[in-house]
Amino acid sequence: MKKLLFTVLLLSSLFSVAQKNYILLKDGNKIEIDERDFYYSSFEKVRYSLLSKEGFEAIKGIDIDKVDKLVSGDVTYIPFKYSEKKKKYLVLCKIIAESSDKMLLLNFTPPLTSDGYYLDYSYKIVDKATNTILDSGWFNESKLPKKLVDQNTAIAIIKKHFSKCKEMMDSLSAFEKKVPTANGNGYTEEYVAGFMHQDKPFTCN
């Protein structure tokens, strides 16, 4: 299950077609990314990590302020401010959806070892004209009852801002139907977490 999670994880397979998967630096240089890597940001660096028998081992880090974007197939990741209060602190965000005036961005925190279960997700609704964060929140992929509250809040916020995007709303509703009505336990990449893992962004006019 965990191997599957990191195969699908935001983070679709890399480097499947020539230079389709790369990091573009602000100085114009490109860095190709190996298909076995997954990536995230921590301590102001874009990091590659590789699964090993001992867990997930960080093997590379690039200063995030040097990165223009990371491209993985049809998905693009951009450095973006952590919050309006911490504008100088950048995190690597996946573009989940984009309309004419808004973007839905996501960044995540991976478990530290192969025995870790839960991913933490931070999401932002961004005004494209002003580059400000209109709405934001956090959830955990666990299906424990207390964690499902945050997942349902995330679903409600996304619906609020992208209600006119039919394809996106249909997809979100399909995941929403899987949310348990009774107490669950353990972890899952379904529900809104699964929605965030899709390997093609939603484009809405």
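Draft legend 1. Representation of the overall build of the protein chain in the model. Summing up its helical and strand segments, the protein chain has four helices and twelve strands in all. Relative to its 205 residues, the protein chain shows a buried fraction of 48%. A separation threshold of at least 6 residues defines the contact pool for the protein chain, and within that pool the share at least 24 residues apart is 50%. With the model as given, the accessible surface of the protein chain reaches about 10,900 Å², and the carbon-plus-sulfur share is 50%.

Draft legend 2. Summary view of the packing of helix H2 (residues 145-162) against helix H3 (residues 166-176). Close contact between H2 and H3 brings their axes to 11 Å; oriented N to C, the two are set at 165°. The orientation of H2 relative to H3 falls into the category roughly antiparallel. Between H2 and H3 lies a crossing of left-handed hand. Of the residues in H3, those touching H2 at Ile155, Ile158, Lys159 and Phe162 are Met168, Met169, Leu172 and Glu176. Across the contact of H2 with H3, the residue classes break down as six nonpolar, no polar and two charged.

Draft legend 3. Fine view of H2. In a regular helix each residue adds 1.5 Å, so 18 residues correspond to 26 Å; H2 covers 26 Å between its end C-alpha atoms and thus fits that length. Here H2 has its buried residues at Leu148, Gln151, Ala154, Ile155, Ile157, Ile158, His161 and Phe162. Buried-residue contacts for H2 involve strand S8 (90-98), strand S9 (102-109), strand S10 (120-127), strand S11 (132-140), H3 and helix H4 (191-196).

Draft legend 4. Representation of H3 in the model. Of all the positions in H3, only Met168, Met169, Ser171, Leu172 and Phe175 are classed as buried. Taken down its axis, H3 places every buried residue within 165° of arc, on the same side. Exposed positions of H3 whose direction lies more than 90 degrees from the buried face are Lys166 and Glu167. Among the structural elements, S8, S9, H2, H4 and strand S12 (202-203) are those in contact with the buried residues of H3.

Draft legend 5. The state of the cysteines, seen in detail. With the rule as written, the count across this model stands at one disulfide. Linked covalently through their sulfurs, cysteine 165 and cysteine 204 form a disulfide whose S-S length is 2.0 Å. Handedness of the cysteine 165-cysteine 204 disulfide follows from its S-S torsion of about -65°: it is left-handed. Residue cysteine 165 is located in the loop between H2 and H3, and its partner cysteine 204 is located in the segment after S12; the two are separated by 39 residues in the primary sequence. For cysteine 165, a relative accessible area of 7% corresponds to the buried category.

Draft legend 6. A look at the pairing of S11. Note that S10 and S11 share eight bridges and pair antiparallel. In the sheet register, aspartate 127 faces S11, and the bridge partner there is threonine 132. Where S10 folds back onto S11 in an antiparallel hairpin, the turn is made up of four residues, including asparagine 131, whose phi is positive at roughly 60°.

Draft legend 7. How the structure looks around the nonpolar core. Ranked by size, the top nonpolar core spans 27 residues in total, and within it Leu104, Ile158, Phe162, Met168, Phe195 and Met196 carry the most contacts. Breaking this core down by element, the ones donating at least two residues are S8, S9, S10, H2, H3 and H4. In terms of residue count, H2 provides more of this core than any other element does, five residues in total. Counting eleven residues, the second-largest nonpolar core is a separate cluster that includes Leu25, Ile33, Ile62 and Ile64.

Draft legend 8. Layout of the environment of glutamine 151. Here glutamine 151 shows up in helix H2. Through-space distance from the C-alpha of glutamine 151 to that of valine 192 is 6.3 Å; in sequence the pair is 41 residues apart. A polar atom in the side chain of glutamine 151 sits 2.8 Å from the backbone oxygen of asparagine 140.

Draft legend 9. Representation of the pattern of salt bridges. Applying the stated criterion across every chain yields a total of seven salt bridges. Lysine 66 is paired through a salt bridge with aspartate 63; the nearest N and O atoms lie 3.7 Å apart. Here lysine 160 and aspartate 135 are joined by a salt bridge, their closest N and O atoms 3.5 Å apart. You can see lysine 160 sitting in helix H2 and its partner aspartate 135 sitting in strand S11, a full 25 residues away along the chain.

Definitions and cut-offs
- Residues numbered from 1 in each chain as written.
- Predicted model: local features only at pLDDT ≥ 70, side-chain atom pairs only at ≥ 80, totals over all residues.
- Heavy atoms only, no water.
- Helix = DSSP H or I, 4+ residues; strand = E, 2+ residues; numbered from the N terminus.
- Buried < 20%, exposed > 50% of the residue type's maximum accessible area, 1.4 Å probe, protein only.
- Contact = heavy atoms within 4.5 Å.
- Areas by Shrake-Rupley, 256 points an atom, 1.4 Å probe, with all protein chains shown as cover.
- Axes fitted to C-alpha atoms, helices over the stretch in contact; angles between N-to-C directions.
- Parallel < 35°, antiparallel > 145°, perpendicular 65-115°, else oblique.
- Left-handed = near helix turned anticlockwise from the far one by under 90°.
- Nonpolar A, V, L, I, M, F, W, Y, C, P; charged D, E, K, R; others polar.
- Expected span 1.5 Å × (residues − 1).
- Arc of directions from axis to C-beta.
- Disulfide = S-S within 2.5 Å.
- Pairing = 2+ DSSP bridges.
- Core = buried A, V, L, I, M, F, W, Y, C linked by side-chain atoms within 4.5 Å.
- Polar contact = N/O pair within 3.5 Å; in protein donor to acceptor, adjacent residues only side chain to side chain.
- Salt bridge = Lys/Arg side-chain N within 4 Å of Asp/Glu carboxyl O.

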